[in-house]
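Structural features, examined
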Amino acid sequence: MVVFPMQSLETHSANILQTPQAPKNGEMERHSQQLHFSLCEGKDDSPANIKPHRSDPFWVGSLPSRVTPENVTWARVVPAEFILLGITDRRDLRLTLFLILLPIYLVSLLGNGGMVLLIRVDSRLHTPMYFFLASLSLLDACYSSAIGPKMLVDLLLPRATIPYAACALQMFVFAGLADAECCLLAAMAYDRYVAIGQPLLYATTMSRRLCLTLLGASGLGGAVSAFVHTTFTFRLSFCRSREVNSFFCDIPPLLAISCDDTSLNELLLFAVCGFIQTATVLAIAVSYGFIAGAVVRMRSAEGRRRAASTCGSHLTAVAVLYGTLIFMYLRPSSSYALDTDKMASVFYTLVIPALNPLIYSLRNREVKEALGRTWSRFCCPGRGPQ
């Protein structure tokens, strides 16, 4: 933020406050615009560079009513709302995308919700492994719902907007749940290691208390990460534009429209996301290293097959999620291509949550058997359990 000399401030104040007669040819409005722009950006105050000021109904600012040297240094611009440019501006293509993405979102919501209910009603699935799977399904349903409904509605609207506070809330919820899912996948890898590498100690090692502790730690890690990103992002001034080149309030598009220095935000994005993803990937790799050693020592072909079946689903989910997140966030800012990144954002906000229930159900015999038992219990009670 630039601090101006007292003489410059007095000149601007004199033009605005000490004019005894009525303004001529919009002179007062021009000076007000120049003063507002100068305080926010500290750049040339030529009319070509004047930014929106407080009289604009779409903008509110923290500019004080009386300009003094003490309060100039913290003046900043806060938009009342953002304009979401969406996935595309083509009307025909937006309707097509709506018809494609609506079933994907419904599959995500019904699939993850159904997985939670199935694990809840079938007592044979009341094990640590399925406790974590139910938690993963609940996270997927929540974080796709933080983005999906508004995105689908915006595809049908000619102009999509989101209030400033709602934008901050959406970023916090989505970022927190996404980072919590990374931590939860690491906890699931440890659970698989104990089940395969130490089967006799599985029940005592993976106690209810430990499972709740791992789940709580995952949620706490996601909340802390989301708080850091949201706080530092929404401390910025957004006086370049109100147009967010995305279909939701993601971090890179918001940094792109800020008129402040965003190097600290980019460093935090790389450091915090890098730490979470590196730590969780390392935990997953170590767990699967021990699992591979345990599988090699197995003499039973059936045991190896079951280990491969349960671990294959988890590894598939890990590879799909981490590959997308690394592509999105662990890159230099110069390589961001927001128009291209939109499709990757659609993939990890809607497609991955819809794939997870399919990955874990189609490759898991116990889930398929539980589904058959539940269907027979509630839909065909006369047949009895199968």
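Residues numbered from 1 in each chain as written. Predicted model: local features only at pLDDT ≥ 70, side-chain atom pairs only at ≥ 80, totals over all residues. Heavy atoms only, no water.

**Some thoughts on the overall build of the protein**
- Secondary structure summary: the protein contains 14 helices and five strands in total.
- When burial is assessed residue by residue, the protein has 46% of its 386 residues classed as buried.
- Counting contacts in the protein only where the partners sit at least 6 residues apart, residues at least 24 apart contribute 74% of the total.
- Carbon together with sulfur atoms contributes 65% to the accessible area of the protein, which is approximately 19600 Å² in total. (Helix = DSSP H or I, 4+ residues; strand = E, 2+ residues; numbered from the N terminus. Buried < 20%, exposed > 50% of the residue type's maximum accessible area, 1.4 Å probe, protein only. Contact = heavy atoms within 4.5 Å. Areas by Shrake-Rupley, 256 points an atom, 1.4 Å probe, with all protein chains shown as cover.)

**Notes on the environment of Leu110**
- Within the element layout of this structure, Leu110 appears in helix α4 (residues 91-121).
- When its relative accessible area of 64% is taken as the criterion, Leu110 is described as exposed.

**A few points about helix α14 (residues 365-378)**
- In a regular helix each residue adds 1.5 Å, so 14 residues correspond to 20 Å; α14 covers 20 Å between its end C-alpha atoms and thus fits that length.
- Listing the buried residues of α14 in full gives Val367, Ala370, Arg373, Thr374 and Ser376. (Expected span 1.5 Å × (residues − 1).)

**Re helix α7 (residues 164-197)**
- Between the first and last C-alpha of α7 there are 50 Å, a value that for 34 residues agrees with the 50 Å anticipated at 1.5 Å per step.
- Among the 34 residues that make up α7, 26 are buried, leaving the element largely enclosed by the rest of the structure.

**Topic: the state of the cysteines**
- In the structure shown here, the tally under the stated rule is two disulfides.
- The disulfide bridge from Cys167 ends at Cys249, spanning 1.9 Å between sulfur atoms. In this structure, the disulfide formed by Cys167 and Cys249 twists by about -125° around the S-S bond and is classed as left-handed. Of this pair, Cys167 sits in helix α7 while Cys249 sits in the loop between β5 (243-244) and α10 (251-256), and the two are 82 residues apart along the sequence. Here the two residues Cys167 and Cys249 agree in accessibility, since each one is buried.
- Between Cys239 and Cys259 runs a disulfide, and the two sulfur atoms are separated by 2.1 Å. (Disulfide = S-S within 2.5 Å.)

**Side note on the environment of Ala256**
- Mapped onto the fold, Ala256 is located in helix α10.
- In sequence terms Ala256 and Glu243 are 13 residues apart; their C-alpha atoms lie 9.9 Å from each other.

**Examining a nonpolar patch on the surface**
- A cluster of nonpolar side chains, namely Val107, Phe347, Leu355, Leu358 and Leu362, defines an oily patch on the protein surface of about 420 Å² accessible area.
- The element best represented in the nonpolar patch is helix α13 (residues 338-362), accounting for four residues.
- Tracing the backbone through its elements, the reader meets Phe347 in helix α13. (Patch = residues over 30% accessible without salt bridge, like charges linked within 9 Å, V, L, I, M, F, W, Y side chains within 5 Å. Salt bridge = Lys/Arg side-chain N within 4 Å of Asp/Glu carboxyl O.)

**A short note on the packing of α7 against helix α11 (residues 263-297)**
- At their nearest, the axes of α7 and α11 sit 9 Å apart, and the two run at 15° to each other. In terms of their interaxial angle, α7 and α11 are classed as roughly parallel. Considering how the two elements wind past one another, α7 and α11 form a crossing that is left-handed. Between α7 and α11, the residues in contact are Asp179, Cys182, Cys183, Leu185, Ala186, Ala189, Tyr190, Arg192, Tyr193, Ile196 and Gly197 and Ile276, Thr280, Ala283, Ile284, Ser287, Tyr288, Phe290, Ile291, Ala294 and Val295, respectively.
- Looking at side-chain class alone, the contact of α7 with α11 contains 16 nonpolar, three polar and two charged residues. (Axes fitted to C-alpha atoms, helices over the stretch in contact; angles between N-to-C directions. Parallel < 35°, antiparallel > 145°, perpendicular 65-115°, else oblique. Left-handed = near helix turned anticlockwise from the far one by under 90°. Nonpolar A, V, L, I, M, F, W, Y, C, P; charged D, E, K, R; others polar.)

**Regarding the pattern of salt bridges**
- Applying the stated criterion to the full structure yields five salt bridges.
- Between Arg242 and Glu81 there is a salt bridge; the shortest N-O distance is 4.0 Å. Here Arg242 is found in the loop between α9 (208-233) and β5, whereas its partner Glu81 is found in strand β3 (residues 81-84), with 161 residues between them in sequence. Comparing Arg242 with Glu81 shows no difference in burial state: the two are buried.
- The closest approach of N and O atoms between Arg373 and Asp122, which form a salt bridge, is 3.1 Å. With Arg373 in helix α14 and Asp122 in the loop between α4 and α5 (128-145), the pair connects residues that are 251 residues apart, well separated along the chain.
- A relative accessible area of 14% places Arg373 in the buried class.
- Judged by its relative accessible area of 6%, Asp122 is buried.

**What to know about the confidence of the model for the protein**
- The pLDDT averaged across the protein works out to 78; a share of 75% of its residues lies at or above 70.
- Across residues 1-65, confidence stays below pLDDT 50; counting only partners more than four residues off in sequence or on other chains, it has 88 contacts.
- Segment residues 67-74: pLDDT under 50, and 16 contacts once partners within four positions in sequence are set aside and those in other chains are kept. (pLDDT = per-residue confidence, 0-100.)

**A few points about the packing of aromatic side chains**
- On inspection of all chains with the given rule, the structure shows 11 aromatic pairs.
- Taken together, a centroid distance of 5.5 Å and an interplanar angle of 65° make the contact between Phe131 and Phe132 edge-to-face.
- Exposure remark for Phe132: the relative accessible area of 0% places this residue in the buried category.
- With a centroid separation of 5.3 Å and 65° between ring planes, the pair formed by Phe174 and Phe248 is classed as edge-to-face. You can see Phe174 sitting in helix α7 and its partner Phe248 sitting in the loop between β5 and α10, a full 74 residues away along the chain.
- Taking relative accessible area as the criterion, Phe174 reaches 5% and is therefore assigned buried.
- For Phe248, a relative accessible area of 1% translates into the label buried. (Phe/Tyr/Trp six-rings, centres within 6.5 Å; stacked < 30°, edge-to-face > 60°.)

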